[in-house]
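# Remarks on the overall topology
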Amino acid sequence: MSICTCMLLISYLLICRPRPRPFCLELLMDDSPASYIHMVQHLIEKCLIFHMNKEECMAALSKHANIKPVITSTVWNELEKENPEFFEAYSPRRGNEDDLTMSDAETGEELGKILSKG
């Protein structure tokens, strides 16, 4: 899926099925699909720092940032296409670091800090 297709999908989801966003997200982005994709990409990168896999990232962003899992999944897939070497190296490394998995409370706390810095 190209970036243009991704932007069209996100535009459709934002217009046809709006969802309230926390105030801090309003400060991080304007209402353009490109800035929304950029914000989701930034949050995914933060999830990667916390050694989350795709499913954990989708759940965390859905719960703590009100980002629909389909959007997180789409942006994640595009990142994988653009950076295959990183994700190939990241997946096995992550598997050896299960002790670094954060609890739901820790995840929420860290994402709250990230979102409030915007």
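Presented here is a report on the structure given in the accompanying data block.

Rules behind the numbers
Residues numbered from 1 in each chain as written. Predicted model: local features only at pLDDT ≥ 70, side-chain atom pairs only at ≥ 80, totals over all residues. Heavy atoms only, no water. Helix = DSSP H or I, 4+ residues; strand = E, 2+ residues; numbered from the N terminus. Expected span 1.5 Å × (residues − 1). Buried < 20%, exposed > 50% of the residue type's maximum accessible area, 1.4 Å probe, protein only. Polar contact = N/O pair within 3.5 Å; in protein donor to acceptor, adjacent residues only side chain to side chain. Phe/Tyr/Trp six-rings, centres within 6.5 Å; stacked < 30°, edge-to-face > 60°.

To continue, consider helix H4 (residues 54-65). Along its 12 residues, H4 runs 15 Å from first to last C-alpha, staying within 8% of the 16 Å computed at 1.5 Å per residue. Lys 54, Cys 57, Met 58, Ala 60, Leu 61, Ser 62 and Ala 65 are the residues of H4 that are buried. Where H4 begins, the capping side chain belongs to Asn 53, and its oxygen is found 3.1 Å from the backbone nitrogen of Glu 55. One or two residues past the end of H4 sits Asn 66, with phi positive at roughly 55°.

What follows is about unusual backbone geometry. Most of the time, phi is negative for any residue but glycine, and the peptide bond is trans. The phi dihedral of His 51 is positive, around 60°, even though this residue is not glycine. Residue classification places His 51 among the partly exposed residues on the basis of a relative accessible area of 23%. In this structure, Asn 66 takes a positive phi of about 55° despite not being glycine. Looking at the element boundaries, Asn 66 is found in the loop between H4 and helix H5 (69-82).

Attention shifts here to the packing of aromatic side chains. Inspection of the entire model under this criterion finds three aromatic pairs. Taking 5.6 Å as the distance between ring centres and 55° as the angle between the ring planes, the aromatic pair formed by Trp 76 and Phe 87 counts as tilted. Remark: Phe 87 occurs in helix H6 (residues 84-95) and Trp 76 occurs in helix H5; sequence separation between them is 11 residues. Judged on exposure class, the residue Trp 76 and its partner Phe 87 are both buried. Ring centres of Phe 86 and Tyr 90 lie 5.6 Å apart, and the angle between their planes is 20°; this geometry places the pair in the stacked category. Highlighted residues: Phe 86 and Tyr 90, both in helix H6, separated by four residues, approximately one helical turn.

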